[in-house]
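Tertiary structure, described
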Amino acid sequence: MVRSFTIKVPASSANIGPGFDVLGIGLNLYLELQVTIDPKIDTSSDPENVLLSYEGEGADEVSLKSDENLITRTALYVLRCDDVRTFPKGTKIHVINPIPLGRGLGSSGAAVVAGALLGNSIGQLGYSKQRLLDYCLMIERHPDNITAAMVGGFVGSYLRDLSPEDTQRKEIPLAEVLPEPQGGINTGLNPPVPPKNIGHHIKYGWAKEIKCIAIIPDFEVSTASSRGVLPTTYERHDIIFNLQRIAVLTTALTQSPPDPSLIYPAMQDRIHQPYRKTLIHGLTEILSSFTPELHKGLLGICLSGAGPTILALATENFDQIAKDIIARFAVEDITCSWKLLTPALEGSVVEELA
């Protein structure tokens, strides 16, 4: 029988304000997979029975080989945990990706979530989103992005500790972005089934007036390099600074009307943003000079994920806030684009078409 279905996974912004590796927002910019399974389609050219096509952001750099592509490798991981070795013959997948790569908008997290949902749908495994999070978090250990992309909305999350045996198996495609196969050919044919409930999360409310302005500089910052500038230890007063603000922010963003005098200072951070200024010229000045007093409608501002995207929360005056931030980046000879986004409250969606 012929099957057709679509998968949509939202972009995400993580590390919201003081919520480093904790807070994330799913955003209404969707990675989309258009999937058809038709035995009449000749997929013999691919060892995993997939014809993969791609349009959008990263089209010139994303691999279309099923054993290298992040989405299909994640799907194969899920399938092989359930003793399904390859995709069905005649599998055709078209990827439409509007999420910029390497900009702090959760492109790899969206790909991992899309891959997990793809494996679940292809194999008709019947896993819940909560169970699929376990598969995703075995691959990418950033629960803020992964959880926001899977369940949507404004979320807080954490990982429970895993044993070395759980995390060191070479069959798991573990990496920021999946590497070449480890240990030889077909090491991923018999991966271990992930433990249950690796990640835990809570979904907060969100004031309907708040929109997200994403200022997207025209260069990439890898998660690995962005994490490399962070210290291995922190002063106690900096930890307390962030803990105090995260306790306030998670409620302040739910209240209507939003209070900029509460939200703006609660979005300050001392854990990651001060150390990433060397990677993003103008970051310090932008975070300190854009205030509700000087920019009508602005509630708060922070680095999105590992950057370089800037996330500004606002209730009005969106065009002017965006233009002013872009103008400040232009002083550093950095060009930018921008998008006005809202929380993707439903999260990822799979829709059967036929």
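Residue indices follow the written sequence of each chain, beginning from 1 at its first position. Reporting of local features is limited, given that this is a predicted model, to residues whose pLDDT is at least 70; pairs of side-chain atoms are given and counted only at 80 or more, and all residues count toward the totals for whole chains, interfaces and linings. As a rule here, side-chain values cover all heavy atoms of the structure and leave hydrogens and water aside.

1. Concerning the confidence of the model for the chain
pLDDT: the predictor's confidence for each residue, scored from 0 to 100. For the chain, the average pLDDT comes to 91, and 93% of its residues sit at 70 or higher. Between two residues, a contact is recorded if the distance between any of their heavy atoms is within 4.5 Å. For the stretch residues 173-185, pLDDT sits under 50, and the model shows 29 contacts to residues farther than four places along the chain or on other chains.

2. Remarks on the pairing of strand S9 (residues 310-314)
Classification of residues uses two cut-offs on accessible area relative to the type maximum, computed with a 1.4 Å probe and protein chains only: under 20% is buried, over 50% is exposed, and between them is partly exposed. By the criteria applied, helices consist of DSSP H or I runs no shorter than four residues and strands consist of E runs no shorter than two, each listed in order from the N terminus. Most of S9 sits out of view: 5 of its 5 residues are buried. Of the pairings in the sheet, the one linking strand S7 (residues 211-217) to S9 comprises 5 bridges and is antiparallel in character. By the bridge assignment for S9, Ile215 is matched with Ile310. Here strand S8 (residues 298-303) runs beside S9; their pairing, made up of 5 bridges, is antiparallel. Counted as the bridge partner of Leu298 is Ala314 from S9. Between any two strands, at least two bridges found by DSSP are needed for them to pair.

3. Here's the deal with the sheet that holds strand S10 (residues 336-341)
Here we have 4 strands laid out as an open sheet, ordered S8-S9-S7-S10, and antiparallel in their pairing. Bordering the open sheet on either side are S8 and S10, each of which pairs with just one other strand. Across the sheet, the axes of successive neighbouring strands diverge by a mean angle of 20 degrees, strand direction being ignored. With axes taken as lines fitted to C-alpha atoms, and helix axes fitted only over the stretch in contact, angles between N-to-C directions fall between 0 and 180 degrees. Along the sheet, helix H10 (residues 318-331) contacts S7, S8, S9 and S10; its crossing angle with S7, the most-contacted strand, is approximately 25 degrees.

4. A closer look at the pattern of salt bridges
A pairing counts as a salt bridge when a side-chain nitrogen of Lys or Arg comes within 4 Å of a carboxyl oxygen of Asp or Glu. A full pass over the atoms with the stated rule returns 11 salt bridges. Close ionic contact of Lys208 with Glu209 constitutes a salt bridge, the shortest N to O distance being 3.8 Å. Using a relative accessible area of 70% as the deciding quantity, one classes Lys208 as exposed. Between Lys296 and Glu316 there is a salt bridge whose closest N-O contact spans 3.9 Å. Of this pair, Lys296 sits in the loop between helix H9 (283-289) and S8 while Glu316 is found in the loop between S9 and H10, placing the two residues 20 residues apart along the sequence. Glu316 gets classed as partly exposed once you look at its relative accessible area, which sits at 35%. Taken together, the salt bridges that share partners define one network made up of Glu285, Arg328 and Glu332.

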